4 protein chains.
Amino acid sequence: MTEEGHKKLDWAAAHMPVLQSLKPILIESGAMKDKKISMALHVEAKTGVLALTLQEAGAKVSITSCNPLSTDDDVANALREKGMDCRAACNQCNEDYYAALNGVLDHGPDFIIDDGCDLIKLLHTTRTDLMGNVIGGNEETTTGIVRLKSMEREKVLKFPVFNVNDAYMKHLFDNRYGTGQSTFDGIMTATNLVVAGKVFVVAGYGWCGRGIAMRAKGMGANVVVTEIDPVKAIEATMDGFRVMQMDDAVEIADFIVTATGNCDVVAQHHYPMMKDGCVLANSGHFDNEIDKNALSSMAQSEFDARYNVKGYKMLDGRTIYLLADGRLVNLASGQGHPAEIMDLSFSIQALCADYLLNNPDMMPGVHGVPDEIDLFVAKRKLELSGVKIDKLTPKQEEYMSGWKEGT
Amino acid sequence: MTEEGHKKLDWAAAHMPVLQSLKPILIESGAMKDKKISMALHVEAKTGVLALTLQEAGAKVSITSCNPLSTDDDVANALREKGMDCRAACNQCNEDYYAALNGVLDHGPDFIIDDGCDLIKLLHTTRTDLMGNVIGGNEETTTGIVRLKSMEREKVLKFPVFNVNDAYMKHLFDNRYGTGQSTFDGIMTATNLVVAGKVFVVAGYGWCGRGIAMRAKGMGANVVVTEIDPVKAIEATMDGFRVMQMDDAVEIADFIVTATGNCDVVAQHHYPMMKDGCVLANSGHFDNEIDKNALSSMAQSEFDARYNVKGYKMLDGRTIYLLADGRLVNLASGQGHPAEIMDLSFSIQALCADYLLNNPDMMPGVHGVPDEIDLFVAKRKLELSGVKIDKLTPKQEEYMSGWKEGT
Amino acid sequence: MTEEGHKKLDWAAAHMPVLQSLKPILIESGAMKDKKISMALHVEAKTGVLALTLQEAGAKVSITSCNPLSTDDDVANALREKGMDCRAACNQCNEDYYAALNGVLDHGPDFIIDDGCDLIKLLHTTRTDLMGNVIGGNEETTTGIVRLKSMEREKVLKFPVFNVNDAYMKHLFDNRYGTGQSTFDGIMTATNLVVAGKVFVVAGYGWCGRGIAMRAKGMGANVVVTEIDPVKAIEATMDGFRVMQMDDAVEIADFIVTATGNCDVVAQHHYPMMKDGCVLANSGHFDNEIDKNALSSMAQSEFDARYNVKGYKMLDGRTIYLLADGRLVNLASGQGHPAEIMDLSFSIQALCADYLLNNPDMMPGVHGVPDEIDLFVAKRKLELSGVKIDKLTPKQEEYMSGWKEGT
Amino acid sequence: MTEEGHKKLDWAAAHMPVLQSLKPILIESGAMKDKKISMALHVEAKTGVLALTLQEAGAKVSITSCNPLSTDDDVANALREKGMDCRAACNQCNEDYYAALNGVLDHGPDFIIDDGCDLIKLLHTTRTDLMGNVIGGNEETTTGIVRLKSMEREKVLKFPVFNVNDAYMKHLFDNRYGTGQSTFDGIMTATNLVVAGKVFVVAGYGWCGRGIAMRAKGMGANVVVTEIDPVKAIEATMDGFRVMQMDDAVEIADFIVTATGNCDVVAQHHYPMMKDGCVLANSGHFDNEIDKNALSSMAQSEFDARYNVKGYKMLDGRTIYLLADGRLVNLASGQGHPAEIMDLSFSIQALCADYLLNNPDMMPGVHGVPDEIDLFVAKRKLELSGVKIDKLTPKQEEYMSGWKEGT
């Protein structure tokens, strides 16, 4: 229902005060005025607020989803009702999904806001005709950054892209506290199962994985971490978690959640080792972290156990459950990150777009977000939360910059 | 949809192995054979599994809800399709609600399963005609126990009632880990707001309150506790929480959740002191812990901010949000306690009903659950979870029973 | 040094405000005036403050330790300098230890304050001649209560004894937060090893064990619990811990700490299964929870690895470490419970002694601490901490005592 | 006692397996053979093991302390008995402290291992004569790095120095889990006060501060954080802590611990606002984080409350306590970081020294530790702990390096 969509947008807006407070700044800047911005993000309420903010700052926004399952149709309808070119719909088949991506590009964008790098990849492969017009872009997520850095390494990336993901005010909060909470929103909504007392396996101990592990612990689970990086693995042990290889973890898991950005983390040879009733979910960007095709091919039958829970009946009688078809469980089964978290990420997005449009001559490549933008958002957030912090006294500043005063 | 209801029942049943394992025992016992059991519980999937278990053990079950907002209509339909006399429906008006309670009593019950003591109260006030037939009952929750103990004190309680709530295998798990998790299921579903970094006020530090506080902390909140009991208040401080009077807590709260079993815990004089955007929810049995009438009377307008979120616009411009109309947020906005938790509580329910029907001469009054039932459920749970624990050696048993061996 | 002892007493007194505040009450009561009180408690600073408080209230105190390793000689000297009959000394051999126990009994006590029941046991076995004079006593700890209940069951207990351990203001705080913290004080002082990332096995999930497990988790350990009670075992799993049999736990343990009140919890057959470097410690009352004789007999050699750390070199080359000779590690290697915690326990002690001396006709047997004493201490503590809590309104009181108002 | 020192060294060595395992590598490399290494580190057991390792690898080691209060004299004696030129002693006056620093420089070092930059500062100011011989150095701690970066900025730093502090395997573990645990070792040893239920203020939310805050929370405290950095401040709030200005925090603090690397964090104007009994401690490198001179000048009298606890009696009757004279409480009152943590830091130290001596032509300046050293230590640690982690499959490696495969 469109009305429900407007409510969701209003609710989100009311809980994104930093982004709201940027509007006059963006209008004053004028950099977005009449610029065409093509966006591929998860189209739900918080994203809607970002898109509307850019629109109010003068941009002509065309938006679609970056994932076939993550669109909130209420919100998409409301955006259309507000005059936005929105092509997202939930449960798009692959063909429709790509048609929508191409559709927002048809727009002839000056600026790209991407999440997972699907738009930018299209621009560099089948839609190179549109490249000339593009001033630059932003990339939202780890997975997209990995792809962009490959492009940069191969020297094919043709315009500047801000690595929004690596801004402090983005990944420290969005990836960790955002993914941490929303993953459990997704899991609880889908399953109504208890987390406390369960063996909860988290694949990957990056910012997302550690957010999930932290919250799993906070919900009372017995957490197991799998990793490929030795430093992160030791960190996980020091945080009190068991670290093991996935081959061992699958044997004791009640839940397995992936957050690696890699494929086949749960793979064909793991399914025969799982306990009856094991629940699988993915919080990573793409739906290939859990090899669901292998699971399907090994099962004797599949059934819809609940909404967003598919049961795979194995030949030996065990049942394995996959949530949200292996797509990001926090968006496909839950409501995505909390509004206050996205307020930070999307404020970075808006300010980066403004910055790049004001600085159109930046070199092609992946650019870190300027510290001043990070700091601006952080200070604004503290201010709006009423939290006061200390300032260095002149004596302290001098002390910190000297080296002669010792013991 | 009824089909969805059957799925939910199957899912719950698959995650309630202890209760499933009791079926042959209850059938073998025969105590329920042809007995009429009237139940007033939250009619959702787990309760459905309990009711079906009793039905399969030979009882004639008549069931309705113990709360006008907590019924899952899918499940209610599925139960009816399985031939049960189910009178529950979601969003009943008060009249319908009481009609349904009276309806299950019309049945002429041998046994009562109550949650909040509404059925037993009716039997002792307007339906005394049916009392003669009643062998006894079970009471599920703290609030009901408080009422029953008042009745006992006033010497009006006419039949024996098991205090299921105070069984270890019930309150230690259901009230604490169950309420703890499901309260956040309810809050996250209703609001999609972040918990981390918020001032989260929990009213009451009983088993429910401490479950909520524990999970709020586990989700990253800054937790404040209010109490009337000095011992519990000190416990809360030693658990790292701030303890303050509600009059002070309301001024800093982002969320306030009540779990006290008492009325007017959030009261008229608190509303003017709240921050703009404060979110109120109740996890206690009745919807009088937060004085919503006062809130409504003080507001200049009310609006549906989201599903299950009502906004109250105050005269000074602040907005206060109330979740699920002040009814138990974990059931009215979430899916209630996880299945594995209710497996324990409802196994106690089933065994208590069996015990009392086998021992019809128990004295009127509130009876503690026999230790043997608690232990039976605990052992069965461990067994079915594959957890092995130690046994005393003969030497240790002797040591524990002696007193002469010292330093 | 005696001077150091006075400082320790002053420090403890400054951090035991509740007990300090009881002095005028005890003097006013007069019940202790000229009464002979024989005490066997861990003689360190906090106990010293209790003994001095009783002395200032008019009692003639004779005190010794309840454990051969737990005396702080500085404090013992200071107490003697303050004119108290103190017979405690650290590292007493068994003979001296018992001579000291008998010494405080020679005094001819009116009242006993016991910790572990050694004094009361002597009175009922070899010192029955003194029994006639004894009005009653207090018992401080779980182990003593277990022994007293055996005596009560065998109907041999000849005078009333307050079960101080089971007062809320004692066991909820002393056993849990006190043992929790001081066990780590003891372990860290003895070993300087890291807790984070270690497999930390806690034997027993009573109040002490759960305090230890909670703090081990708080220090970053991976906690494993062993239990004999199914309910506690399930609680431990729901708190996120692994529960296993000791036979399995010993194979993965980096640390094993016992808190069971039972003997041979770590037993002969466990030593061959332990990892090289495993550290054993006991937080229970007696030094028989870990079978150190068996360990000694199986080792090829023993050596002092550090102060309070004995290394046992096994035939296969592994080394197993035992802290503080298996005596309560928090007192023998650490400084015992924090002062503010003992403030609560010892306020209960003082008020119980006063109560029983004022009510000399109480029946022989183990008596629960009157609720009014618990509440008095709790309220006083809140007051002195500046924490304010809520009070029931008249409407709320009425509501809580009624049963007719329902949904 | 020297014997005790040897025991401590043996104990530490037994718990530093990574460093032990490097010995053959360092000998094989030969880079240290006959090189003169001057070290200024906290001279206690773990440092002793590092110094002995370098000595066994062929270096001629001269060592003194980097702090007048942090030397363990037992260990210093044992090192001397093992033929090392050790000039450290506990409680050195400032003159002796500097004499010792100059003494280890008199040696004419090829390589410097510094902690806080006192040695390197001397070399660049009063001992420039010795500079010619120096190939390079390592710096252990944040404070030293801040000074070195000032030197680099001012272009005065004359040789290459490895920033050991910023190695992952150092700061992630040493600063966080090491400081976290050892700070409480120091506080508990000094005070025997309870942490649970206390308002515990942590100044600074860098790696050290967050380690302290994490452990304070794990011990049950109510944690307050002060910061000057907006991003870290928001992180602290999201971790559930209250963030406030020190001016406000001092009014509610039971404990204040500084870990900022800055001066006057607790300053003159704070003392009048503190509660009676407030305990101050510093975990930062220098003893100027708490302005103890101001405290002393404002107090009407000072007294030794306990070992390492100085009481300051204020004019208005309040007492403020300062631990370990404001020097790093974890070393001056506790035993410093756990051995297993220092195993990681000192393995980085040893490998960096080896690397730089093998690459004598590195440019002057502050150099990051090569990733290969970090990874080597991490892998070795996992191996020796028996923890196995996953490896990328060829397919996964390819996937991670591609950018064309998307949704």
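Residues numbered from 1 in each chain as written. Chains lettered and ligands numbered in written order. Predicted model: local features only at pLDDT ≥ 70, side-chain atom pairs only at ≥ 80, totals over all residues. Heavy atoms only, no water.

Moving on: the relation of the copies chain A and chain D. Mapping chain A onto chain D is achieved by rotating through 180 degrees and translating by 0.0 Å along the same axis, at an RMSD of 0.0 Å. As the rotation angle and translation indicate, the two copies are arranged about a two-fold axis. Comparing interface residues between copies, 100% of those in chain A also sit at the interface in chain D, which points to an isologous, same-surface contact. (Least-squares fit on C-alpha atoms with pLDDT ≥ 70 in both. Contact = heavy atoms within 4.5 Å.)

So, on to the sheet that holds strand β3 (residues 85-86) of chain D. In sheet architecture, strand pairing relies on hydrogen bonds along the backbone and comes in two forms, parallel and antiparallel. Residues and elements named next belong to chain D. Here 7 strands make up an open sheet; going across it, the order is β3-β2-β1-β4-β5-β6-β15 and the pairing parallel. On the outer flanks of this sheet lie β3 and β15 (365-368), each paired with one strand and no other. With 4 bridges joining them, strand β6 (residues 160-163) and β15 adopt parallel strand pairing. Following the sheet pairing, Val161 is matched in β15 by Val366. Helix α3 (residues 45-56) rests against β1 (36-40), β2 (60-64) and β4 (111-114) of the sheet, and its axis sits at about 160 degrees to β2. (Pairing = 2+ DSSP bridges. Helix = DSSP H or I, 4+ residues; strand = E, 2+ residues; numbered from the N terminus. Axes fitted to C-alpha atoms, helices over the stretch in contact; angles between N-to-C directions.)

What follows covers the interface of chain A and chain D. Chain A puts 69 residues into the contact, and the matching count from chain D is 69 residues. In this assembly, chain A packs against chain D so that about 6000 Å² is buried in total across both faces, 61% of it on carbon and sulfur atoms. There are 4 salt bridges connecting chain A and chain D. Taking the shortest distance from any N to any O, the salt bridge between Asp264(D) and Lys395(A) comes out at 2.5 Å. In this structure, the connection of chain A to chain D is made through 21 residue pairs in polar contact (both at pLDDT 80 or more). Of all the secondary structure elements, the ones that give two or more residues to the side of chain A that touches chain D are α5 (94-106), α6 (118-124), α7 (142-153), α8 (168-191), α10 (230-238), α15 (371-385) and α16 (394-401) of chain A. (Buried area = accessible area lost by both parts, 1.4 Å probe. Salt bridge = Lys/Arg side-chain N within 4 Å of Asp/Glu carboxyl O. Polar contact = N/O pair within 3.5 Å; in protein donor to acceptor, adjacent residues only side chain to side chain.)

Before going further, it helps to spend a moment on the interface of chain C and chain A. Every contact between the two is made by 13 residues of chain C and, on the other side, 13 residues of chain A. Interface area lost by chain C to chain A is led by Asn222(C), Met238(C) and Arg242(C), which between them contribute 44%. At the surface where chain C touches chain A, the tally comes to 0 salt bridges. Counting across the interface, chain C meets chain A through 4 residue pairs in polar contact (both at pLDDT 80 or more). The class makeup of the residues in the side of chain C that touches chain A is 5 nonpolar, 5 polar and 3 charged. (Nonpolar A, V, L, I, M, F, W, Y, C, P; charged D, E, K, R; others polar.)

Residues and elements named next belong to chain B. Mapped onto the fold, Asp174 is located in helix α8 (residues 168-191). Residue Asp174 is classed as buried on the basis of its relative accessible area of 5%. In this structure Asp174 touches Glu140, Thr179, His337, Ile341, Met342 and Ser345, once residues within four positions along its chain are discounted. (Buried < 20%, exposed > 50% of the residue type's maximum accessible area, 1.4 Å probe, protein only.)

Residues and elements named next belong to chain D. Looking at the secondary structure, you find Gly178 in helix α8 (residues 168-191). C-alpha of Gly178 to C-alpha of Ala339: the two residues are 161 residues apart in sequence and 9.2 Å apart in space. Discounting chain neighbours no more than four positions away, the residues touching Gly178 are Phe173, His337, Pro338 and Ile341.

Taken in spatial order, the 8 strands of this open sheet run β9-β8-β7-β10-β11-β14-β13-β12 (chain D), and their pairing is mixed. The two strands at the open ends of the sheet, each matched to only one other strand, are β9 (242-243) and β12 (299-306) of chain D.

This brings us to the packing of helix α1 (residues 2-14) of chain B against helix α3 (residues 45-56) of chain B. Residues and elements named next belong to chain B. Contact geometry of α1 with α3 gives a least axis separation of 8 Å together with a crossing angle of 75 degrees. As the angle between them shows, α1 and α3 are arranged roughly perpendicular. Listed contacts from α3 to Lys8, Leu9, Ala12 and Ala13 of α1 are Ala45, Lys46, Gly48, Val49 and Leu52. (Parallel < 35°, antiparallel > 145°, perpendicular 65-115°, else oblique.)

The next thing to look at is the pattern of salt bridges. All names here are of chain A. Following the criterion strictly, the structure yields 86 salt bridges over all chains and no others. The salt bridge partner of Glu235 is Arg210, with a shortest N-O separation of 3.1 Å. Of this pair, Glu235 sits in helix α10 while Arg210 sits in helix α9 (residues 207-218), placing them 25 residues apart in sequence. Across this residue pair, the class does not change: Glu235 and Arg210 are buried. In the salt-bridge network here, residues are joined through shared partners; they are Asp287, Lys292, Asp325 and Arg327.

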